[in-house]
Amino acid sequence: MKTTISSNVLYAAIADVRAKSPLVHNITNYVVMNNSANALLAVGASPVMAHWVSEMEEMTSIAGALVLNIGTLDDAWIEGMLAAGKSAMRRGTPIILDPVGAGATSQRTEAAMKIIEECHPTIIRGNASEIMALVDAGVRSKGVDSSASSDDAVESARRLACETGAVVVISGETDYITNGKDVYTVVGGSPLMTSVTGMGCTSTALVGAFAAVQPDPMVAATAAMAVMSLAGERAAEYSRGNGSMQVNFLDELYNLRSLDFARGDM
Amino acid sequence: MKTTISSNVLYAAIADVRAKSPLVHNITNYVVMNNSANALLAVGASPVMAHWVSEMEEMTSIAGALVLNIGTLDDAWIEGMLAAGKSAMRRGTPIILDPVGAGATSQRTEAAMKIIEECHPTIIRGNASEIMALVDAGVRSKGVDSSASSDDAVESARRLACETGAVVVISGETDYITNGKDVYTVVGGSPLMTSVTGMGCTSTALVGAFAAVQPDPMVAATAAMAVMSLAGERAAEYSRGNGSMQVNFLDELYNLRSLDFARGDM
Amino acid sequence: MKTTISSNVLYAAIADVRAKSPLVHNITNYVVMNNSANALLAVGASPVMAHWVSEMEEMTSIAGALVLNIGTLDDAWIEGMLAAGKSAMRRGTPIILDPVGAGATSQRTEAAMKIIEECHPTIIRGNASEIMALVDAGVRSKGVDSSASSDDAVESARRLACETGAVVVISGETDYITNGKDVYTVVGGSPLMTSVTGMGCTSTALVGAFAAVQPDPMVAATAAMAVMSLAGERAAEYSRGNGSMQVNFLDELYNLRSLDFARGDM
């Protein structure tokens, strides 16, 4: 794994998550809830999954970050996301949006745009197709997997960042993180990660953990993507397929705690 | 594993899924979503989970198959299933129904019958109790696990196939696949599979992947059951319990890609 | 693992679950459904997950225990829980309540209290913060993880048991099980269990399995917590992180079947 931020900054960000154990409030899709919660626990954060409109105000009041993921959407969940998002916005709590499947259906693209307009997310993370669809409604994607490379989407990400004020992350072989001006990168990971469902969603959840303790969203997002990439590489070395990869990835995330990033062993 | 279809046909079906990577649209239960998605990725398909009525028309328009699974049902989900099912039927997209828990409550039996009547599924896959309950409303099953053997249910499957025009699959120690006239079989698997939740649901999802690329539903369903059986056998050899079995099963599915089925090493 | 009940009684309880394979009806949260179902299968019970109001009456009529877990609540699910709870109460079916996140938001505390008042659960299992919040509305907890030790909560548990007539379980480094008069304990487990999401929820599901076959709720709850603790200890010995821990824990639960508890090898 190679990334724009220094290993010192990266390690400090990780140590910060562990020291503060931020509560990360997730309104996310059914497919990935278990893995996202375990990934958050593995890096030392405290996950809570809650979508009930009635408790959104109170739940956001105790959370360090809010993660909104539209992977398995319906009207009731959009209502919960908007309630939580507006409450978090008023409090200045970082909001991270994962526009899963934007471009696959117009309803998903519109739901993502509505959240962007009404809740002003701090960070938006998607794959290339999703980010492109948010900038150009003409882009269609096939389901929830990307049909474009992250390299092709950098200009879209930059535009989306400028238009929304959010830091935009495109994940792919190379991850790009941009505030519209600067572009940070993370190179690494493993192709096997694309065969494990919800790896993108998990990275969005981790962005939440870092954003909860790290004031600079460029650093928070880059640190999360770097951690994903590093754990993915290591897990892939001894995984036989996507079953063991899902398990080993969590173990590697969990054991980053004992790594000496500062020694430059990345 | 022993099956009615030849290893050449079986391997061609698998290669076809990998080559075409069909988008399989699942409206399935909460318990199995993660595993079903990973199983679909393992065989090379592209899963999407979506149940929101508003996006059903667009989502079915890009999917190669629709999987409807009533495992954790409620009114809103039935509405989503019927919307998706009717849209898929109009487009000629194969629909696969898993009547989870039919016979356990009359509401489930009725929901499954309603989907059959209004959406005309191409393939129906259930355990013995579920298939029997769809033919004879007097049959009660205990929860979602079968209380009958698949051998006992073959006549019910044949009748259900004749009445509905669907290919009917009963999974069990021997899997039976019938269009009402012919009966194909798959013998194999492992008893440990019954201790892993959602293995039946996973097989239904895989039937979706094969049906998306394979015009003959008898072959599609048989290939899916054969793949389940083979991966299950291999995984059971080195699994210590149902935890490792769930993981190893995915790894074996994933590694079927390197097997030379044609050499008859099954 | 050390516990108040004798290894004979514990082993008999486990053997009973295996012999009778009770159907345990769960209305639980999305995060843990897969693991709870697999844990129930591992100990020999038969899980069903169902929340649809329309089928609650019929589903509770065939279940040996009802597990209500408020981890990812909303209005529709509360309606399902109350319908199932009242039906189970009328039938004398044991009800086990897991008040996940009570104290994190007032809505969760109130929902838990409403279930207690209207359905009279047989057993309530929570972490220290949750149990304390049910007794003293002033106690706030951070999300779904406990911010108090189980030792501090014993008096709250005793009071809650007296007020509600339920056996109350606090899980933690030491688990306390009380009917308001007697206090049983289980000491053991592993710190790694707190890094796996939903371990508490899994223990509640197992309490359901034991309560379905065991008339004394003190013994049922203690046996379930002892089994959790023992499987957790053993799994932690060879787990590298929370990923493998989740898998190995299920394997250990599954293999308790071959252990000779009676020989005192605990």
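Look up a bit, the structure's there.
Please read these numbers as outputs of a predicted model, since none were measured by experiment. Residue indices follow the written sequence of each chain, beginning from 1 at its first position. In the order they appear in the text, chains get letters beginning with A and ligands get numbers beginning with 1. In keeping with the predicted nature of the model, local features appear solely for residues at pLDDT of at least 70, side-chain atom pairs appear and are counted solely at 80 or more, and the whole-chain, interface and lining totals rest on all residues. Computation of side-chain values covers all heavy atoms of the structure but excludes hydrogens and water.

1. Section: helix H10 (residues 242-255) of chain A
Working note: α-helix, 3.6 residues per turn, so residues spaced by three or four point in the same direction. Quick note on the threshold: Helix and strand assignments come from DSSP, with helices taken as H or I runs of at least 4 residues and strands as E runs of at least 2, each series counted from the N terminus. Each helix should span, by expectation, one fewer than its residue count multiplied by 1.5 Å. Buried, partly exposed and exposed residues are distinguished by accessible area as a fraction of the type maximum, computed with a 1.4 Å probe on protein chains only: under 20%, between the cut-offs, and over 50%, respectively.
With 14 residues, H10(A) ought to run about 20 Å at 1.5 Å a step, and its terminal C-alpha atoms sit 20 Å apart, in line with that. The element H10(A) is extensively covered by neighbouring structure, given that 13 of its 14 residues are classed as buried.

2. Focus: the pattern of salt bridges
Put simply, the rule is: Salt bridge criterion: a side-chain nitrogen from Lys or Arg within 4 Å of a carboxyl oxygen from Asp or Glu.
All told, the structure shown has 30 salt bridges over all chains when counted by the stated rule. For the salt bridge of Lys114(A) with Glu118(A), the shortest nitrogen-to-oxygen distance reads 3.2 Å. Residue Lys114(A) and its partner Glu118(A) are located together in helix H5 (residues 106-119), separated by four residues, close to a single helical turn. Of the charged contacts, one joins Arg158(B) and Glu155(B) as a salt bridge, the two residues approaching to 3.1 Å between their closest N and O atoms. Taken together, the positions of Arg158(B) and Glu155(B), both in helix H7 (residues 154-164) and three residues apart, correspond to about one turn of that helix. Classification of Arg158(B) as partly exposed rests on a relative accessible area of 26%. Judged by its relative accessible area of 49%, Glu155(B) falls in the partly exposed class. What emerges from the salt-bridge pattern is a single network uniting Glu57(A), Arg90(A) and Arg91(A).

3. A look at the relation of the copies chain C and chain A
What counts, and what does not: Alignment of the copies relies on least squares applied to C-alpha atoms, considering only residues that score at least 70 for pLDDT in both. Throughout, a residue-residue contact means that at least one pair of heavy atoms, one from each residue, lies within 4.5 Å.
Mapping chain C onto chain A calls for a rotation angle of 120 degrees and an axial translation of 0.0 Å; the resulting RMSD is 0.0 Å. Expressed as an axis order, the relation between the two copies is that of a three-fold axis. The rotation axis passes nearest to the C-alpha of Tyr30(C) in chain C, at a distance of 3.7 Å. With a heterologous cut-off of 20% or less, the 6% of interface residues of chain C that recur at the interface of chain A puts this contact in the heterologous class.

4. Some thoughts on the relation of the copies chain A and chain B
Comparison of the two chain copies shows a relationship of rotation about an axis with a shift along it. When chain A is fitted to chain B, the residual RMSD is 0.0 Å, and the transformation amounts to a turn of 120 degrees plus an axial shift of 0.0 Å. Interface overlap between copies is the fraction of interface residues in one copy that are interface residues in the other; for chain A against chain B it is only 6%, indicating separate surfaces.

5. Here's the deal with the sheet that holds strand S4 (residues 65-69) of chain B
Put simply, the rule is: Two strands make a pair as long as DSSP finds a minimum of two bridges between them.
Across the sheet, which stays open at both edges, the nine strands sit in the order S1-S9-S8-S7-S6-S5-S4-S2-S3 (chain B) with mixed pairing between neighbours. The outermost strands of the open sheet, each flanked by one partner alone, are strand S1 (2-3) and strand S3 (46-49) of chain B.

6. Section: helix H4 (residues 75-91) of chain A
Residue and element names in this part refer to chain A. Stated formally: Contacts described as polar in this section are N or O atom pairs within 3.5 Å, which, within protein, must combine one atom able to donate a hydrogen with one able to accept it, while residues neighboring in sequence count only if both atoms come from side chains.
Taking 1.5 Å of rise per residue, the 17 residues of H4 would be expected to cover 24 Å, and the 25 Å separating its terminal C-alpha atoms lies within 8% of that figure. Among the residues making up H4, those that are buried are Trp77, Ile78, Gly80, Met81, Leu82, Ala84, Gly85, Ser87 and Ala88. Against the buried residues of H4 lie strand S2 (23-27), helix H2 (33-42), helix H3 (53-62), strand S4 (65-69), strand S5 (95-98) and H5. Where H4 starts, the residue carrying a side-chain oxygen 3.2 Å from the main-chain nitrogen of alanine 76 turns out to be aspartate 74. Where H4 ends, the next residue or the one after it, glycine 92, has phi of about 75 degrees, a positive value.

7. Quick word on the packing of helix H2 (residues 33-42) of chain B against helix H8 (residues 199-213) of chain B
Residues and elements named next belong to chain B. Counted only if it meets this: Axis definition: a line fitted to C-alpha atoms, limited for helices to the stretch in contact. Angles are taken between N-to-C directions and run from 0 to 180 degrees. Orientation labels follow simple angle bins: below 35 degrees gives roughly parallel, above 145 gives roughly antiparallel, 65 to 115 gives roughly perpendicular, and whatever is left gives oblique. Put simply, a crossing is left-handed when the front helix is turned counterclockwise from the back one by less than a right angle, and right-handed when it is turned clockwise. Here the term charged refers only to Asp, Glu, Lys and Arg, the term nonpolar to Ala, Val, Leu, Ile, Met, Phe, Trp, Tyr, Cys and Pro, and the term polar to all other amino acids, Gly among them.
At a minimum axis separation of 9 Å, H2 and H8 run at an interaxial angle of 40 degrees. Between H2 and H8, the angle is such that the two are oblique. Here H2 runs over H8; the crossing is right-handed. Judged by residue contacts, Asn35, Ser36, Ala39 and Leu40 of H2 engage Cys201, Thr202, Ala205, Leu206 and Ala209 from H8. Here the residues of the contact of H2 with H8 are counted per class, giving six nonpolar, three polar and no charged.

8. Digging into the sheet that holds strand S3 (residues 46-49) of chain A
All names here are of chain A. Taking strand neighbours across the sheet as the criterion, the nine strands line up as S1-S9-S8-S7-S6-S5-S4-S2-S3 in an open arrangement whose pairing is mixed. Every other strand in the sheet has two partners, leaving strand S1 (2-3) and S3 as the edge strands with one partner each. Sheet analysis places S4 next to S5, joined by four bridges and oriented parallel. From the neighbouring strand, valine 67 faces S5, where its bridge partner is isoleucine 96. Relative to S5, H5 is tilted by about 165 degrees, and along the sheet it contacts S4, S5 and strand S6 (123-127).

9. Re the pairing of S3(A)
Residue and element names in this part refer to chain A. Selection rule: Crossovers are marked right-handed if the path from the first strand over the helix to the second runs clockwise, as seen with the strands pointing away from the viewer.
Side chains of S3 alternate between two faces, with Ser46 and Val48 and Pro47 and Met49 buried alike. Two elements, S2 and S3, share four bridges in a ladder whose sense is parallel. Among the inter-strand pairings, asparagine 26 is bridged to a residue of S3, identified as methionine 49. The parallel pair S2 and S3 is bridged by H2, and the resulting crossover is right-handed.

10. What to know about the interface of chain A and chain B
Put simply, the rule is: Two parts placed together each lose some accessible area under a 1.4 Å probe, and adding up what both lose gives the buried area.
With 32 residues of chain A at the contact, the number on the chain B side is 29 residues. Of the roughly 2600 Å² buried between chain A and chain B, counting both surfaces, carbon and sulfur atoms make up 52%. The interface formed by chain A and chain B includes two salt bridges. In this structure, Arg240(A) and Glu252(B) form a salt bridge, with 3.1 Å as the shortest nitrogen-oxygen distance. Linking chain A with chain B are 17 residue pairs in polar contact (both at pLDDT 80 or more), by the criterion used here. Examining the composition of the side of chain A that touches chain B, we find that five residues originate from one element, H10(A), more than from any other.

11. Some remarks on the pairing of strand S8 (residues 174-178) of chain A
Residue and element names in this part refer to chain A. Counting buried positions along S8 gives five out of five residues, so the element sits mostly inside the fold. Residues Thr174, Tyr176 and Thr178 line one face of S8 and the alternating positions Asp175 and Ile177 line the opposite face, and both faces are buried. Sheet topology places strand S7 (residues 167-171) next to S8; three bridges connect them, and they run antiparallel. Looking across to S8, one finds that valine 168 is bridged to threonine 178. Hairpin connection between S7 and S8: a loop of two residues separates the two successive antiparallel strands. With five bridges connecting them, S8 and strand S9 (residues 183-187) associate as antiparallel partners. Looking across to S9, one finds that isoleucine 177 is bridged to tyrosine 184.

12. Some points on unusual backbone geometry
Residues and elements named next belong to chain C. Despite not being glycine, serine 21 shows a phi value in the positive range, around 40 degrees. Its location among the elements puts serine 21 in the loop between helix H1 (7-20) and strand S2 (23-27). When its relative accessible area of 21% is taken as the criterion, serine 21 is described as partly exposed. In this structure, histidine 120 is a non-glycine residue whose phi angle is positive, near 45 degrees. Following the sequence through the fold, histidine 120 ends up in the loop between helix H5 (106-119) and strand S6 (123-127). Given the relative accessible area of 47%, histidine 120 is considered partly exposed.

13. Comments concerning the side chain of Arg125(C)
Residue and element names in this part refer to chain C. Examined against the element boundaries, arginine 125 turns out to sit in strand S6. The exposure class of arginine 125 is buried, given its relative accessible area of 3%. A polar contact is formed between the side chain of arginine 125 and the side chain of aspartate 98, at a distance of 2.9 Å. A distance of 2.6 Å separates the side chain of arginine 125 from the side chain of threonine 204, its partner in a polar contact.

14. Details of the interface of chain C and chain A
In this assembly, 32 residues from chain C lie in contact with 29 residues from chain A. For the pair chain C and chain A, the two sides together bury roughly 2600 Å², of which 52% comes from carbon and sulfur. When contributions to the side of chain C that touches chain A are tallied by element, the ones reaching two or more residues are helix H4 (75-91), H5 and helix H10 (242-255) of chain C. When grouped by side-chain class, the residues that make up the side of chain C that touches chain A number nine nonpolar, 16 polar and seven charged.

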